[in-house]
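Observations on the model geometry
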Amino acid sequence: MAEEGKRSRVKVESILSVVSSNPTRPGKVHKLSLLDQSMGPHTIHIVFYYGSNPFSDGPMSSDLENFRVSLSDVLDEYPVVTGRLTRGPDGGGWQVKCNDAGVRVLQARVDATVDEWLRSADVDEERDLTVWEDMPLDPSFWSPFRIQVNNFKCGGLAIGLSCTHMHADITSATLLIKSWADYHSTQTLTYPPIFTLPTHTHPQNTTTPPPHSPTTNTTPPPTKMATVTMKFSGPAVEKCLSGARSQCPDATPFDVLVALLWSKIAHWQEPHTADDNKRSISICTDSRGNRGQKTKIPLGYFGNALSFSVLTVEADELSSGKLGQVCEYVHRHVVDRAGPGLVDGDGEDPVRVYGPQITCVSTEHLVDAEKNGEAIMYSAVFDNNNNNNKNNIKGEKPLHVSYSYGNVVGEGLIVVVPTAEVGPGRAVTVTLPEEQIDMLCKDQEILDLEGVMVISGGR
């Protein structure tokens, strides 16, 4: 929400529920995996920004009715989304009762244009575009999925999706919006959802927990964190890749950008102990379609297919200035850790997995190599160019897509996602202690990449 004493530019005007157009068979239950349940403390929030309202024209008389029709249709394919959480028999693990209770939908108006918002809003304001609400003690009547449709002064639109991390990871949530766009455009679903997998491919929480910082008798005051998002063009990222390829020929944009940022941040971090000459980061990758796996998890799998693992490097190597070497460490670690798994938790005693080290989230798997490197989130086009379109309005790609997580703890978070530009261009959202963000924004090597700031409070 907006800072205390600061008037929010987002005003919610209506709340309703949207249910699927066809009922699910009675008694259908979806059991959440151990990996799903271990993500219990966290929530996911995604915002898709569009330059115009794709629901302003269609078969119905209002944009509200137009998006309700296509959303209701796509929810037929996602009974888990419209269901409600409940405990299994005898108080067992969490499961979803697929009872067609619906998705909560909010309509809001934003006192800004899309361009003004992307230039001036910060991460606290962007929270107002989605619903931030922890799961209640009794979630049996609580909607775990919320969609907020935000109308800007210029006619632009932002679709904000919020959900529990138990139900889905950011890939599943992204493909839900993509499927909605497909239905609205009267197209066949590009990635039909899959809710069950063979036992030998099902994600489990099997990996070892990360090392935690030593505890003390006193609790330090909470660190004030700040967040910036920098969009780096394809040529800028290619410049970094070129500098690293002599030592890491197969480097990805994620590898090199994490290596660059980690090398910088390591200079500013205090060692945990006086003789600590090591630095660690947690790396979060998605196991869908990972080349290193013997048995692949389909991209359309709806649930959690994440892998969290810890990479530790000597501090001297990070500060040596050899970007290619650090990039190779990151790349090799990602390749060797192919396969789903969680760093801790057993479903009954969940932990906050985004931390305690800086957590780096990769979305490289969402780049479609078969479509010249187009990112899947930017193919979510609500195209009205069909027979129901009175004014022949052509749909458009999102201008920007933001990802954030609820209840994140630890030293920070780095999320690397593709941009609307086809190619190696990436948007990097960095959350660090406020003084480290200030230093990052003034670092000459970062400035030389000429990143464009969005949702960064006008920095």
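**Regarding the overall build of the protein**
If you tally the helices and strands in the protein, you get twelve helices and 18 strands. Classification of the 459 residues of the protein by burial places 56% in the buried group. Element-wise, carbon and sulfur atoms account for 50% of the exposed surface of the protein, whose accessible area totals about 19900 Å².

**Some details on the packing of aromatic side chains**
This model, assessed by the stated rule, comprises 14 aromatic pairs. Residues Tyr-49 and Phe-152 carry aromatic rings whose centres are separated by 6.4 Å and whose planes lie at 45° to one another, so their mutual orientation is tilted. Of the two residues, Tyr-49 sits in strand β3 (residues 43-50) while Phe-152 sits in strand β7 (residues 145-152), which places them 103 residues apart along the sequence. Residue Tyr-49 is classed as buried on the basis of its relative accessible area of 0%. Residues Phe-67 and Trp-180 carry aromatic rings whose centres are separated by 6.4 Å and whose planes lie at 75° to one another, so their mutual orientation is edge-to-face. With Phe-67 in helix α2 (residues 63-75) and Trp-180 in helix α6 (residues 170-184), this pair connects stretches of sequence that are 113 residues apart. Across this residue pair, the class does not change: Phe-67 and Trp-180 are buried. Its guanidinium or amino end placed over the ring of Trp-132, Arg-127 lies 3.8 Å from that ring's centre, counting from NZ or CZ.

**Quick notes on α2**
The end-to-end C-alpha separation of α2 is 18 Å, in line with the 18 Å expected for 13 residues at 1.5 Å each. Along α2, the residues classified as buried are Asn-66, Phe-67, Ser-70, Leu-71, Ser-72, Val-74 and Leu-75. Those residues of α2 hidden inside the fold are in contact with β1 (10-18), α3 (79-82), β6 (103-110), β7 and α6.

**Side note on the sheet that holds strand β12 (residues 358-362)**
Taken in spatial order, the seven strands line up as β11-β10-β12-β16-β17-β9-β18 in an open sheet, and their pairing is mixed. Strand pairing shows two members of the sheet lacking a second neighbour, β11 (306-314) and β18 (452-454), which therefore form its edges. Strand-to-strand twist of the sheet, defined as the mean angle between neighbouring strand axes without regard to direction, takes the value 25°. Bridging between strand β9 (residues 225-232) and β18 involves three bridges; their strand directions are antiparallel. Bridge pairing links Thr-229 to Val-454 in β18. Those strands touched by helix α10 (residues 323-336) are β10 (278-286) and β11, and its axis lies near 145° from that of β11.

**Points about unusual backbone geometry**
Across the junction of Gly-355 and Pro-356, the peptide omega takes the value 0°, indicating a cis bond. Among the structural elements, Pro-356 can be located in the loop between α10 and β12. Its identity is not glycine, yet Asp-100 carries a phi of approximately 55°, on the positive side. By relative accessible area, Asp-100 is classed as buried at 16%. Despite not being glycine, Ile-455 shows a phi value in the positive range, around 45°.

**Details of the pairing of β10**
Of all nine residues in β10, eight are buried, a share of seventy percent or more. Across four bridges, the pairing between β10 and β12 is parallel. If you follow Ile-283 over to β12, its bridge partner there is Cys-360.

Rules behind the numbers
Residues numbered from 1 in each chain as written. Predicted model: local features only at pLDDT ≥ 70, side-chain atom pairs only at ≥ 80, totals over all residues. Heavy atoms only, no water. Helix = DSSP H or I, 4+ residues; strand = E, 2+ residues; numbered from the N terminus. Buried < 20%, exposed > 50% of the residue type's maximum accessible area, 1.4 Å probe, protein only. Areas by Shrake-Rupley, 256 points an atom, 1.4 Å probe, with all protein chains shown as cover. Phe/Tyr/Trp six-rings, centres within 6.5 Å; stacked < 30°, edge-to-face > 60°. Lys NZ or Arg CZ within 6 Å of the ring centre and 35° of its normal. Expected span 1.5 Å × (residues − 1). Contact = heavy atoms within 4.5 Å. Pairing = 2+ DSSP bridges. Axes fitted to C-alpha atoms, helices over the stretch in contact; angles between N-to-C directions.

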